[in-house]
Amino acid sequence: MAVTRLVLTDFRNHRDAVLAPGAGFVVLTGENGAGKTNVLEALSLLAPGRGLRRAPLSEMVRQGATGGFGVAAMLGDVEIGTGTQPDAPERRLVRINGAGAAAAALAEWVTMLWLTPAMDRLFVEGPGERRRFLDRLTLALAPGHAHHSTRYEAAMRQRNRLLADEAPADPEWLSALEARMVEHGSAIDTARRDTVTALAERLTAQPEGVFARAGLAIEGWEGEAQTLARELREGRRRDAAAGRTLAGPHRADLLVTHLSKNQPAHLCSTGEQKALLLGLVLAHAELVADRMGRAPILLLDEVAAHLDPGRRAALFERLAGNGQVWMTGTEPALFDAVSGSATRYCVAHGIVEPRPTATR
Ligand SMILES: Nc1ncnc2c1ncn2[C@@H]1O[C@H](COP(=O)(O)OP(=O)(O)OP(=O)(O)O)[C@@H](O)[C@H]1O
Ligand SMILES: [Mg+2]
């Protein structure tokens, strides 16, 4: 799977950028503020969710533009478009092969994972980011995960609203919403556990390389459908007082340990945490390629700059021939060890141009 054509229209600092990359490495270089991460963010909108910055959609429209923004891509012969219209600046429109679709449906067509500098803090911050990371890992192996997440959250929002009402909530309506939460919550939990088990097995079986091996577990939610049904039914008064649902898979956390050091990830050094995260993403990409028969598209923002030359070369070597990998950096020299077949762009002031061979 690879993006063979990407067109950005009024997307952040890109007025109209057109890229036609090859299937392997795609390298974007340019000065700070040139628009490199913006390209990756636009790509991340080809997957379900809010993109790699989790920014409001209205923020993505180019300042000074009068309409919405557009991101259009070809993945082989699949045509995907997403963007906004000025009359509904926070509504994400999605078209797949010309027909309107829900964002969750993108998971059937695009498998994508990203690493950004903001994720350096993944192991030390609250569980929300880790849970989202776990859900992205899961989505790549279980495309229906996006649909279940959307349905679960919609039912939970309705239940919370009902419980917050002044008037006593209709118990039958509550039960119906809770049944929906149990149905989709169980699917979410099963898919997450399957992902964690498969990934943990793979990581344990690997020899210790330059990227650390992670041990994985899910915390914060036990998982049984019956338990969830009971927690919801018996927790109505408690949840009404709290103003939110206090138990369920939406409270799960991904617990990561440094296997060879037997140390929880949050106690590891910055470099060790980075190596753990990279090791995880690499193993996951290989797992997805094996299981699904297609490697995910990887978006690696500023990853090369933080690795020593040996680790950088090891990263490029491990990723070579393993699907489309987008990488950004300020210095073209960071990518000297990348194979010659890479597509290279230079980005400057929101203009993306192929990097001439002579200056590579
Ligand atoms: N809606 C917008 N309209 C116009 N410009 C925007 C918008 N949102 C962000 N920008 C600008 O886009 C520019 C490029 O941002 P981007 O994050 O892509 O830079 P970058 O090339 O990744 O730089 P760095 O190397 O510092 O990470 C920034 O100057 C930012 O202020
Ligand atoms: Mg950037």
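Above: the structure in question.
None of these values were measured; they are calculated from a predicted model.

Engineer: Any chance you could explain the pattern of salt bridges here in plain terms?
Structural biologist: A side chain with one charge may pair with a side chain of the opposite charge, provided their charged atoms come close. Tallied over the full model, the rule gives 21 salt bridges. For the salt bridge of E41 with R12, the shortest nitrogen-to-oxygen distance reads 2.4 Å. Within this pair, whereas E41 is found in helix α1 (residues 36–44), its partner R12 is found in the loop between β1 (3–11) and β2 (14–19), the two being separated by 29 residues in sequence. Residue R12 is classed as buried on the basis of its relative accessible area of 16%. Residue E41 is joined to R53 by a salt bridge in which the shortest nitrogen-to-oxygen separation is 2.7 Å.

Engineer: Explain the nonpolar core here, please?
Structural biologist: For soluble globular proteins, the rule of thumb is that nonpolar side chains tend to be buried together. Counting 102 residues, the largest nonpolar core has L6, L43, L216 and W326 as the members making the most contacts within it. Per-element accounting of this core gives the leading share, eleven residues, to helix α8 (residues 270–292). Apart from the residues lying within four places of it in its own chain, the contact partners of L43 are V3, L6, M112, L299 and W326.

Engineer: I keep staring at the pairing of β2 and nothing clicks. Help me out?
Structural biologist: Residues in a regular strand point their side chains to alternate faces of the sheet. Sheet topology note: the β1/β2 ladder contains five bridges and is antiparallel. In the strand pairing of β2, V7 is matched with V18. The antiparallel hairpin formed by β1 and β2 contains two residues in its connecting segment, where R12 sits at a positive phi of about 50 degrees.

Engineer: Looking at this structure, I do not really get the site of ligand 1. What am I missing?
Structural biologist: The immediate surroundings of ligand 1 are formed by 17 residues, with G33, K36, T37, R53 and V61 found nearest. Measuring from an oxygen atom of ligand 1, one finds a backbone N or O atom of A34 at 3.1 Å. Bound to the protein, ligand 1 loses 72% of the 650 Å² it would expose on its own. Among the elements that line the shell around ligand 1, the one with the most residues is α1, at three residues. Grouping the amino acids of the shell around ligand 1 by side-chain chemistry returns two nonpolar, eight polar and seven charged.

Engineer: Please clarify how the side chain of N160 should be interpreted in this entry.
Structural biologist: For N160, the position within the fold is in helix α4 (residues 145–164). Within the structure, the side chain of N160 is placed 2.7 Å from the side chain of T245, a separation counted as a polar contact. Among residues more than four places away in sequence, those in contact with N160 are R244 and T245.

Engineer: Would you explain the sheet that holds β2 in this entry?
Structural biologist: Hydrogen bonds between backbone atoms are what pair the strands of a sheet, whose relative direction is either parallel or antiparallel. In space, the six strands of this open sheet follow the order β2-β1-β4-β5-β6-β7, with antiparallel pairing throughout. In the strand order of this sheet, the two ends are held by β2 and β7 (99–101), each with one partner. Mean inter-strand twist for the sheet, computed between neighbouring axes without regard to direction, equals 20 degrees. Alignment of strand β5 (residues 78–85) against strand β6 (residues 88–96), held across five bridges, turns out to be antiparallel.

Engineer: Any chance you could explain the sheet that holds strand β14 (residues 343–348) here in plain terms?
Structural biologist: If you trace the six strands from one edge of the open sheet to the other, you get β8-β12-β13-β3-β14-β15, paired in mixed fashion. Taken across any chain shown, the strands that pair with only one partner, and hence form the sheet edges, are β8 (112–115) and β15 (351–354). Going across the sheet, the axis of each strand differs from the next one's by a mean of 20 degrees, ignoring polarity. Alignment of strand β12 (residues 297–300) against strand β13 (residues 325–329), held across three bridges, turns out to be parallel. Looking at β13, one finds that L298 is bridged to V325. Strands in contact with α1 are β3 (25–29), β8, β12, β13, β14 and β15; relative to β13, the strand with the most contacts, it is inclined by about 155 degrees. Sitting on the sheet, α8 is in contact with β8 and β12, with an inclination near 165 degrees to β8.

Conventions we followed
- Residues numbered from 1 in each chain as written.
- Chains lettered and ligands numbered in written order.
- Predicted model: local features only at pLDDT ≥ 70, side-chain atom pairs only at ≥ 80, totals over all residues.
- Heavy atoms only, no water.
- Salt bridge = Lys/Arg side-chain N within 4 Å of Asp/Glu carboxyl O.
- Helix = DSSP H or I, 4+ residues; strand = E, 2+ residues; numbered from the N terminus.
- Buried < 20%, exposed > 50% of the residue type's maximum accessible area, 1.4 Å probe, protein only.
- Core = buried A, V, L, I, M, F, W, Y, C linked by side-chain atoms within 4.5 Å.
- Contact = heavy atoms within 4.5 Å.
- Pairing = 2+ DSSP bridges.
- Near = heavy atom within 4 Å.
- Polar contact = N/O pair within 3.5 Å; in protein donor to acceptor, adjacent residues only side chain to side chain.
- Areas by Shrake-Rupley, 256 points an atom, 1.4 Å probe, with all protein chains shown as cover.
- Nonpolar A, V, L, I, M, F, W, Y, C, P; charged D, E, K, R; others polar.
- Axes fitted to C-alpha atoms, helices over the stretch in contact; angles between N-to-C directions.

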